[in-house]
Amino acid sequence: MSDPTVTLSLRINGAPWQGEVPANRLLVDFLRYDVGLTGTKEGCSVGVCGACTVRLNDRLVSSCLTLAAMADGTELTTVEGLADREELKPIQRAFIEHGGFQCGICTPGQLMAAQALLEHDPSPSEDAIKAWMMSNLCRCTGYYGIVRSVKAAAGGAA
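Residues numbered from 1 in each chain as written. Predicted model: local features only at pLDDT ≥ 70, side-chain atom pairs only at ≥ 80, totals over all residues. Heavy atoms only, no water.

Focus on the overall build of the chain
Condition: Under the DSSP-based scheme used, a helix requires at least four consecutive residues in state H or I and a strand at least two consecutive residues in state E, with every element numbered from the N terminus. The globule rule is 2.2 Å times the number of residues to the power 0.38, and the radius of gyration it is compared with is taken over C-alpha atoms. Relative accessibility thresholds used throughout: buried, under 20% of the residue-type maximum; exposed, over 50%; partly exposed, between the two (1.4 Å probe, protein chains only). Contacts are assigned to residue pairs with any non-hydrogen atoms lying within 4.5 Å of each other. Only the protein chains shown count as covering a residue, and every accessible area follows the Shrake-Rupley method with a 1.4 Å probe. When charges are counted, Lys and Arg are positive and Asp and Glu negative, with His and the chain ends excluded. By convention, the charge on Lys lies at NZ, on Arg at CZ, on Asp at CG and on Glu at CD.
What the chain contains, in helices and strands, is five helices and five strands. In sequence order, the chain lays out its α and β elements as β-β-α-β-β-β-α-α-α-α. The C-alpha atoms of the chain give 16 Å as radius of gyration, which agrees with the globular expectation for 158 residues (15 Å, within 12%). Residues counted as buried form 41% of the 158 residues belonging to the chain. In the chain, the proportion of contacts linking residues at least 24 apart, taken out of those at least 6 apart, comes to 54%. Element-wise, carbon and sulfur atoms account for 51% of the exposed surface of the chain, whose accessible area totals about 8400 Å². Both charge centroids of the chain, one from 13 positive and one from 17 negative side chains, sit 6 Å from each other.

Given below as structure tokens:
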């Protein structure tokens, strides 16, 4: 007997996607292995580190805890969907220019969270940045580069 499957129909980074996947497939695995988008990283596998953060419609979710079936009918945005073709978003450029990443494992989730923050509050205070980014863990940067990057992307002093 084969494992049960579900048929998904959704938009991923603006492009339509339709197909069958195992009913128990996690969203992070769906993105990486079924769709071929490897930007989303799995860090902790229990939803606390933020590395696997993606947007379902306009909601940030941990893709390591979310079944792919829950994405049916949604607009899904991954880190690959932030850039407009070859044009990086200001937050992506700021992470490069201001040391917002080192090893890169947490970077996709950091970028997704930071972009959502800037859409919510285009000029966040440093305290607001720290509070918003609290659910994204980083073992390398000490967070100074991340805060500098978000401030720079917002047009504040870095």
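Points about the sheet that holds strand β1 (residues 5-12)
To keep it simple, the criterion reads: The pairing criterion is simple: DSSP has to find at least two bridges between the two strands. A fitted line through C-alpha atoms represents every axis, and for helices the fit uses only the stretch in contact; the resulting angles, taken between N-to-C directions, go from 0 to 180 degrees.
Taken in spatial order, the five strands line up as β2-β1-β5-β3-β4 in an open sheet, and their pairing is mixed. If you trace the sheet from one side to the other, it starts and ends with β2 (15-22) and β4 (59-62), each paired once. Strand after strand, the sheet turns through a mean of 40° between neighbouring axes, direction not considered. Alignment of strand β3 (residues 53-56) against β4, held across four bridges, turns out to be antiparallel. Bridge pairing in β4 links Val 54 to Val 61.

A few points about the nonpolar core
Cut-off, in case you're wondering: Grouping buried Ala, Val, Leu, Ile, Met, Phe, Trp, Tyr and Cys residues that are joined through side-chain atoms within 4.5 Å yields what is termed a nonpolar core.
Counting residues in hydrophobic clusters, the biggest one holds 19 residues, and the most contacted among them are Ile 91, Phe 95, Leu 111, Ala 114, Ile 129, Met 133 and Val 150. The dominant element in this core, judged by the number of residues it contributes, is helix α3 (residues 107-120), at six residues.

What to know about the packing of helix α4 (residues 126-133) against helix α5 (residues 144-153)
Spelled out, the test is: Geometric relationships in this document are graded by angle, where less than 35 degrees denotes roughly parallel, more than 145 denotes roughly antiparallel, 65 to 115 denotes roughly perpendicular, and other angles denote oblique. Whether a crossing is left-handed or right-handed is set by the direction in which the near helix is turned from the far one by less than a right angle, anticlockwise for left-handed and clockwise for right-handed. Basically, the charged four are Asp, Glu, Lys and Arg, the nonpolar ten are Ala, Val, Leu, Ile, Met, Phe, Trp, Tyr, Cys and Pro, and anything else, Gly included, counts as polar.
Viewed as axis vectors pointing N to C, α4 and α5 meet at an angle of 120°, and their least axial separation amounts to 10 Å. Relative to α5, α4 is oriented oblique. Handedness of the crossing formed by α4 with α5: right-handed. Counting all contacts with α4, which are made through Glu 126, Ile 129, Lys 130 and Met 133, the residues of α5 involved are Ile 146, Val 147, Val 150 and Lys 151. Here the residues of the contact of α4 with α5 are counted per class, giving five nonpolar, no polar and three charged.

Remarks on the environment of Pro 4
As for its placement among the helices and strands, Pro 4 is situated in the segment before β1. We classify Pro 4 as exposed; its relative accessible area is 57%. Separated by 53 residues in sequence, Pro 4 and Asn 57 place their C-alpha atoms 26 Å apart. Residues contacting Pro 4, with those up to four places away along its chain left out, are Val 21, Pro 22 and Ala 23.

Observations concerning the pairing of β1
Here eight bridges tie β1 to β2, and the two strands are oriented antiparallel to one another. When the bridges of β2 are listed, Thr 5 appears paired with Pro 22. Here β1 folds back onto β2, and the loop between the two strands holds two residues, one of which, Asn 13, carries a positive phi near 50°. In the sheet, β1 pairs with strand β5 (residues 75-77) via two bridges, with the strands oriented parallel. Bridging from a neighbouring strand, Ile 12 pairs with Leu 76 of β5.

So, a nonpolar patch on the surface
The cut-off we apply is this: Grouping into patches uses exposed residues only, defined as over 30% relative accessible area, and leaves out salt-bridged ones; the cut-off is 9 Å for like charges and 5 Å for nonpolar side chains (Val, Leu, Ile, Met, Phe, Trp, Tyr). Any Lys or Arg side-chain nitrogen located within 4 Å of an Asp or Glu carboxyl oxygen qualifies as a salt bridge.
A surface patch of nonpolar side chains, about 360 Å² in accessible area, is lined by Val 46, Val 48, Leu 137 and Tyr 143. Looking at where Val 46 falls in the secondary structure, it is placed in the loop between α1 (27-35) and β3.

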